[in-house]
Amino acid sequence: MAVQHQQISNIWSAPAEDISKAKQITFGGFGRGDGGLGLDWSPGGKIVYVSTVAQSRTIWKMDADGANAKELTPPGYFETTPSVTADGRFMVFDSNRSGASEIWRTNIDGSDPKRLTTCGKNFQPNVSPDGKWVVYRSTCESDPGLWRVAFDGGQPTRLTEHSGSWPWVSPDSKWVACEYASTAGKEQLAIYPLEGGPQAKVFDVPPLANFRYGIRWTADGKAITYRDWGSGLWRQQVEGGDPQRIQGLPDEKIYSYGWSRDGKMFAFTRGNEIRDIVLINSTR
């Protein structure tokens, strides 16, 4: 027997002041997974996202209402976690186009690709708002952690002494929020200085907290948001206190999401997963 898994997810867009008014803007079927493996906004109000097409994971761009969708990267590869620069000219993402997972930078239209890492086990990039650095997760060493490399490439620098994943840089480009796994195996939300150094803050999270494709700073830099394995999103104030649910979202699993650069719009991926047990009685 085996478990068959099917997933359907699509992107919705809403005014940030009232997320309950969200409207669906992509209409892909099973397996396409629009926005499930990464979503970001460009300064011009475009949504950059990942979609699965012909067994490839490629990066797309569309208007905030879903119009004018265009594939930016070529099929044949597995490319996820796009992050757009503040000026809208470039994006970074992880890709296996070199044969192993590396961090790549291209123009916003997908042209002029440049590989920024080399060891073959690099993932989850985020470009700092000032455009100077790309922070990412690397498992090339025995102790995985977060690293930083200059936007134009060069020698990378390790940021975290211990494990860290799903980094996102603060609006002022001074801090990195990430998932942190303590030596006791407990998952927490942590903040590190982008220039390097010890952990600045760490927060306990709800039992079903989930950071995959889903750590974001609020525009004012005063809070950090993240996902839940069940449904909805959480907001953690940097100054402390208990995390709070973000209101107005549907009672479904939320995947990747983000606010527009002007703070007026909110896009998120919602979906359902279907699992069935399948009996295989012949290998022919």
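This one's a predicted model, so the numbers in the text were calculated from it and none came from an experiment.

A.B. asks: Teacher, can you tell me more about the pattern of salt bridges here?
C.D. replies: Side-chain pairing between opposite charges can occur once the charged atoms of the two side chains come close. The full count for this structure, using the stated rule, is nine salt bridges. Note that Arg-261 is salt-bridged to Asp-40, the shortest N-O span being 3.5 Å. Of this pair, Arg-261 sits in the loop between strand 24 (253-259) and strand 25 (265-278) while Asp-40 sits in strand 3 (residues 39-41), placing them 221 residues apart in sequence. What makes Arg-261 partly exposed here is its relative accessible area of 36%. A relative accessible area of 7% places Asp-40 in the buried class. A salt bridge links Arg-97 to Glu-79; the nearest nitrogen and oxygen atoms lie 2.7 Å apart. Taken together, the residues Arg-97 in the loop between strand 8 (90-95) and strand 9 (102-107) and Glu-79 in strand 7 (residues 79-84) connect sequence positions 18 residues apart. For Glu-79, a relative accessible area of 0% gives the class buried.

A.B. asks: Looking at this structure, I do not really get the sheet that holds strand 15 (residues 164-169). What am I missing?
C.D. replies: Sheet strands pair by backbone hydrogen bonding; their relative direction is either parallel or antiparallel. The strand order across the open sheet built from four strands is 15-16-17-18, with neighbouring strands paired in antiparallel fashion. The open sheet has two free edges, formed respectively by strand 15 and strand 18 (201-203), since each of these has just one partner strand. Neighbour-to-neighbour, the strand axes of this sheet turn through a mean angle of 20°, independent of strand direction.

A.B. asks: Even after reading the chapter, I still don't get the environment of Ile-280, so can you show me in this structure?
C.D. replies: By the secondary structure assignment, Ile-280 is in the segment after strand 25. Separated by 246 residues in sequence, Ile-280 and Asp-34 place their C-alpha atoms 30 Å apart.

A.B. asks: Could you clarify how one ought to interpret a nonpolar patch on the surface in this entry?
C.D. replies: A grouping of Met-1, Val-3, Ile-277 and Leu-279 is seen on the molecular surface, where their side chains present a nonpolar patch of about 540 Å² in accessible area. For Leu-279, a relative accessible area of 63% puts it in the exposed group.

A.B. asks: Help me understand the pairing of strand 22 (residues 233-237) in this model?
C.D. replies: Consecutive side chains of a regular strand alternate in pointing toward one face of the sheet and then the other. Looking at chain direction, strand 21 (residues 223-228) and strand 22 are connected through five bridges and run antiparallel. Bridge pairing in strand 22 links Tyr-226 to Trp-234. The turn linking strand 21 back onto strand 22 is made up of four residues, and Gly-232 within it adopts a positive phi angle of 80°. Summarising the sheet, strand 22 and strand 23 (residues 244-245) pair through two bridges and their orientation is antiparallel. Within strand 23, the residue paired with Arg-235 across the bridge is Gln-244. The hairpin formed by strand 22 and strand 23 contains six residues between the paired strands, and Gly-240 there has a positive phi angle of roughly 120°.

A.B. asks: Got a minute to help me understand the sheet that holds strand 6 (residues 70-71) in this structure?
C.D. replies: Taken in spatial order, the four strands of this open sheet run 3-4-5-6, and their pairing is antiparallel. Edge strands, defined here as strands with exactly one partner in the open sheet, are strand 3 and strand 6. Sheet topology note: the strand 3/strand 4 (residues 47-53) ladder contains three bridges and is antiparallel. Across the sheet, Asp-40 pairs through a bridge with Val-48, a residue of strand 4.

Rules and cut-offs
- Residues numbered from 1 in each chain as written.
- Predicted model: local features only at pLDDT ≥ 70, side-chain atom pairs only at ≥ 80, totals over all residues.
- Heavy atoms only, no water.
- Salt bridge = Lys/Arg side-chain N within 4 Å of Asp/Glu carboxyl O.
- Helix = DSSP H or I, 4+ residues; strand = E, 2+ residues; numbered from the N terminus.
- Buried < 20%, exposed > 50% of the residue type's maximum accessible area, 1.4 Å probe, protein only.
- Pairing = 2+ DSSP bridges.
- Axes fitted to C-alpha atoms, helices over the stretch in contact; angles between N-to-C directions.
- Patch = residues over 30% accessible without salt bridge, like charges linked within 9 Å, V, L, I, M, F, W, Y side chains within 5 Å.
- Areas by Shrake-Rupley, 256 points an atom, 1.4 Å probe, with all protein chains shown as cover.

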